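Per-entry structural report
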Amino acid sequence: MRYHTILSLSAAVLAGAPALAQQGETLPGRYGEITLQAGFPGDPHTVEVRAGGAMRAASLGRAGCVGFITENPTYVVRYENAGDVFNLMFSAASEIDTTMAVRTPEGAVLCDDDSAGNLGPGITVENPDNGAYEIWVGTFSSGAGYPPTALHVSELDYFTTNPFERGVDEDAPAGATLSLRAGFRNDPASTAISQGGDVRLGSIGSHCWGYASEAPDARVTYRAGRYTLYISTESELDGTIAVLAPDGTWHCDDDSAGNLDPGVIIENPPSGEYAIWAGTFSNVGAQTATLYVSEIGFAGADNTVDVSGTPHHASYSLSAGFSPDPFAMGVGVGGPVSADMGLVGHTVVEGFCHGYMTREPTMRLTWNGDGAPLYISAASDVDTLLLVNAPDGGWWCDDDSAGNLDPGLVIDDARDGVYDIYVATFSPDETSTATVYISQTGWGAEAVSMRVDTNLEPRSGGVTLDPARVSLPYEAEVQAGGPLRAFQAGLNSTDYCVGHISREPTYIVNWTPDGDLPFTIYLDAERDTTLAVMTPDGSWRCDDDGSVGLNAGINFAAGEPGMYYVYAGTFGSQETPATLYVAEGQAPR
């Protein structure tokens, strides 16, 4: 007997004593067994099974078996009248990534992941022997449930069709119904519904997630008006939702209603019937949830943001060169509006917009700065967040960049116009006070600059290197890290600059070969390091892991003579000793 499988991940074709049964003992199949004669009619023989289980396939005792299976085989094929005419081919097709293991009559174990195609496994036994073939069909990932799967047994080919895959039934009766018209009272309307099931909502489309029942969990008949429609569910689990609108469009979501609750927003909703499937992100079976339908917001909470509203504190106008710098303003912080939901559909230029804020701006700044940088920060006794709506409508958001859990933003080349400033807290029930600082140089009461300054004295000195006169590699002991975040430190680079660096250069290298000469600058440290280097032409190069391990290294292919301002950084905020190397050629890997 010979075995054949083309594996995308791994395979084991090994003989020996199996792990889950004694030699010669055939375990019963969970979904039955069949006896097939060589040359059997109706090829392929296809049977409906459920893939997956709680045990790792590696428990079969063979290295390379992947996925999760049950203890007993999924199915057993007893093969008779074997000869040298046919091969025996096993394949499976499911709605998710499945794996397979086959134990042959003499005890060899074969494993596969994707050889049949479409994430389906396939195993071929050449010149098969008579006897029982135990087949396990697993899921590649744990917690994937037991999806309906087609197991194909053939002497001709692998097969990827799954006639047993289940989908949602748009015409099935719903578990709950609501009838509403625009402007309905007692907003939000709510009802208890069932949530979850064993039908994968991904079959609707790649933008839908989770598992639900085959029938809709609710139907809402809605007579539309001029309002937006908010449909959401609330439960103790991570929920998902799929809504089929009267115009035939699908609306799916995972977490937009907050707290792992899903919600969809339908602007200009059509009149008619909305079929709703309430899902769970993982296949955990049927649960209970509450369905909310609202024209105000998710679960009836108004999370709209009004940047044109009157600010809760004063409005100010500042021009470039204002004094004193920084300008300071005491404000109240926090509010009832969730930024996650209030800024849905808005353009976010920088950062992640979270927290709870007021509907109207905390304060308003009219800026006339002729394109100068604008620093906005806040200081408070509580953890605050900063959200700023710029004159072009884009949002700038930050959490802790100014240090001590204080937020800070820097807007380069800030355009003239109105900046609506919101100071938020992490909890809707938390309110406090803060001081907002506006500056042209830095953050906080001292307007501490968070930009690098190559004119400052280097932390660890410098060196002039002529490769014709100095033996390379050159080594220097330095301190890597600092208070500045590289991506906000004013590094004009096409590279992705990360990590924490100092304001002053770490080291200055005066590279003085007779003409261009390729060379490298790299670090060696126990912590994850980064590098930022300003080259003689004023441009910046940045790196994270370009050398050995998690050490940074930058190669200068041209290596033109001149001053190289080196900033040794750390990926985390903690500083660390490091060795700086300058060498010809490329950084070691």
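Further up the page is the structure itself.
Residues numbered from 1 in each chain as written. Predicted model: local features only at pLDDT ≥ 70, side-chain atom pairs only at ≥ 80, totals over all residues. Heavy atoms only, no water.

**Notes on the overall build of the chain**
- Looking only at helices and strands, the chain has 1 helix and 46 strands in total.
- Its C-alpha atoms give the chain a radius of gyration of 32 Å, clearly above 25 Å, the size a compact globule of 589 residues would have.
- Over its C-alpha atoms, taken along the principal directions, the chain stretches across nearly 95 × 80 × 35 Å.
- Residues classed as buried in the chain amount to 50% of the 589 residues present.
- Put simply, of all contacts in the chain between residues at least 6 apart along the chain, 77% involve residues at least 24 apart.
- In the form shown here, the chain has an accessible surface area of approximately 25200 Å², with 47% of it arising from carbon and sulfur atoms.
- A distance of 4 Å separates the average location of the 25 positive side-chain charges in the chain from that of its 77 negative side-chain charges. (Helix = DSSP H or I, 4+ residues; strand = E, 2+ residues; numbered from the N terminus. Rg over C-alpha atoms; globule rule 2.2 N^0.38 Å. Buried < 20%, exposed > 50% of the residue type's maximum accessible area, 1.4 Å probe, protein only. Contact = heavy atoms within 4.5 Å. Areas by Shrake-Rupley, 256 points an atom, 1.4 Å probe, with all protein chains shown as cover. Lys, Arg positive; Asp, Glu negative; His and termini not counted. Charge placed at Lys NZ, Arg CZ, Asp CG, Glu CD.)

**Quick notes on the packing of aromatic side chains**
- Enumeration over the complete set of coordinates arrives at 16 aromatic pairs.
- Centre to centre, the rings of Tyr230 and Phe298 are 5.6 Å apart; their planes meet at 85°, and the pair counts as edge-to-face. Residue Tyr230 is located in strand E18 (residues 229-234), and its partner Phe298 is located in the loop between strand E23 (287-294) and strand E24 (315-319); the two are separated by 68 residues in the primary sequence.
- For Tyr230, a relative accessible area of 14% gives the class buried. (Phe/Tyr/Trp six-rings, centres within 6.5 Å; stacked < 30°, edge-to-face > 60°.)

**A few points about the nonpolar core**
- One finds Tyr419 and Ile438 to be the most contacted residues of the largest nonpolar core, which totals 25 residues.
- The dominant element in this core, judged by the number of residues it contributes, is strand E25 (residues 327-333), at 4 residues.
- Not counting residues up to four positions away in its chain, the partners in contact with Ile438 are Leu318, Phe322, Asp325, Pro326, Phe327, Leu365, Leu374, Tyr375, Ile376 and Ile421. (Core = buried A, V, L, I, M, F, W, Y, C linked by side-chain atoms within 4.5 Å.)

**Notes on the side chain of Ser547**
- Along the polypeptide, Ser547 turns up in the loop between strand E43 (540-543) and strand E44 (553-556).
- Not counting residues within four places of it along the chain, the set of residues in contact with Ser547 comprises Tyr522, Ala552, Gly553, Ala587, Pro588 and Arg589.

**Regarding unusual backbone geometry**
- In this structure, Pro188 follows Asp187 across a cis peptide bond, with omega equal to 15°.
- Here Pro188 shows up in the loop between strand E13 (177-181) and strand E14 (189-195).
- The amide bond that connects Asp325 to the next residue, Pro326, takes the cis arrangement and shows omega of 15°.
- Following the sequence through the fold, Pro326 ends up in the loop between E24 and E25.
- The phi dihedral of Asp413 is positive, around 50°, even though this residue is not glycine.
- With respect to the helices and strands, the residue Asp413 is situated in the loop between strand E33 (408-411) and strand E34 (417-425).

**Focus: the sheet that holds E14**
- Taking strand neighbours across the sheet as the criterion, the 4 strands line up as E14-E23-E18-E21 in an open arrangement whose pairing is antiparallel. If you trace the sheet from one side to the other, it starts and ends with E14 and strand E21 (263-266), each paired once. Each strand of the sheet is rotated relative to its neighbour by a mean of 20°, with strand direction disregarded.
- By the bridge criterion, 7 bridges tie E14 to E23 in an arrangement that is antiparallel. Of the residues in E23, the one forming a bridge with Ala189 is Val293. (Pairing = 2+ DSSP bridges. Axes fitted to C-alpha atoms, helices over the stretch in contact; angles between N-to-C directions.)

**Points about the state of the cysteines**
- What the rule picks out here adds up to 4 disulfides.
- Each sulfur of the disulfide joining Cys208 and Cys252 lies 2.0 Å from the other. Its S-S torsion of about 70° marks the bond between Cys208 and Cys252 as right-handed, since a negative value means left-handed. One end of the pair, Cys208, is in the loop between strand E15 (199-200) and strand E16 (211-212); the other, Cys252, is in strand E20 (residues 250-253), with 44 residues separating them in the sequence. Comparing Cys208 with Cys252, the two get one shared label, buried.
- Sulfur-sulfur distance for the disulfide between Cys353 and Cys397 comes to 1.9 Å. Here the disulfide of Cys353 and Cys397 is right-handed, its torsion about the S-S bond being about 85°. Of this pair, Cys353 sits in the loop between strand E27 (348-350) and strand E28 (356-357) while Cys397 sits in strand E32 (residues 395-398); the two residues are 44 residues apart in sequence, bridging distant segments of the chain. (Disulfide = S-S within 2.5 Å.)

**Quick notes on the pattern of salt bridges**
- A complete count under the given rule lists 13 salt bridges for this structure.
- The residue Arg364 makes a salt bridge to Asp420 at a minimum N-O spacing of 2.5 Å. Taken together, the positions of Arg364 in strand E29 (residues 363-368) and Asp420 in strand E34 put the pair 56 residues apart, joining distant regions of the chain. Both residues of the pair, Arg364 and Asp420, belong to the buried class.
- Each of the salt bridges in this network shares a partner with another, and the network as a whole consists of Arg166, Asp198 and Glu214. (Salt bridge = Lys/Arg side-chain N within 4 Å of Asp/Glu carboxyl O.)

**Quick look at the side chain of Thr74**
- Its location among the elements puts Thr74 in the loop between strand E5 (68-69) and strand E6 (75-80).
- Within the structure, the side chain of Thr74 is placed 2.9 Å from the backbone nitrogen of Val137, a separation counted as a polar contact.
- With near-sequence residues (within four places) excluded, Thr74 lies in contact with Gly29, Arg30, Tyr31, Gly32, Val49, Arg50, Ile135, Trp136 and Val137. (Polar contact = N/O pair within 3.5 Å; in protein donor to acceptor, adjacent residues only side chain to side chain.)

**Description of the environment of Leu374**
- Following the sequence through the fold, Leu374 ends up in strand E30 (residues 374-380).
- The class for Leu374 is buried, based on a relative accessible area of 0%.
- Taking the C-alpha atoms as reference, Leu374 lies 7.6 Å from Asp413; in sequence the two are 39 residues apart.
- In contact with Leu374, not counting residues within four places along its chain, are Leu365, Trp367, Leu409, Val410, Ile411, Ala414, Tyr419, Ile438 and Ser439.

**Side note on the sheet that holds E30**
- If you trace the 4 strands from one edge of the open sheet to the other, you get E25-E35-E30-E33, paired in antiparallel fashion. Strands with a single pairing partner mark the edges of an open sheet, and in this sheet they are E25 and E33. Between one strand axis and the next, the sheet turns by 20° as a mean value, whatever way the strands run.
- Sheet topology note: the E30/strand E35 (residues 432-439) ladder contains 6 bridges and is antiparallel. What sits directly across from Ala379, in E35, is Thr435.

**Quick word on the environment of Thr249**
- For Thr249, the location among the structural elements is in the loop between strand E19 (239-244) and E20.
- Residues in contact with Thr249, not counting those within four places in the same chain, are Val243 and Leu244.
- Of the polar contacts made by the side chain of Thr249, one reaches the side chain of His251; its length is 3.0 Å.

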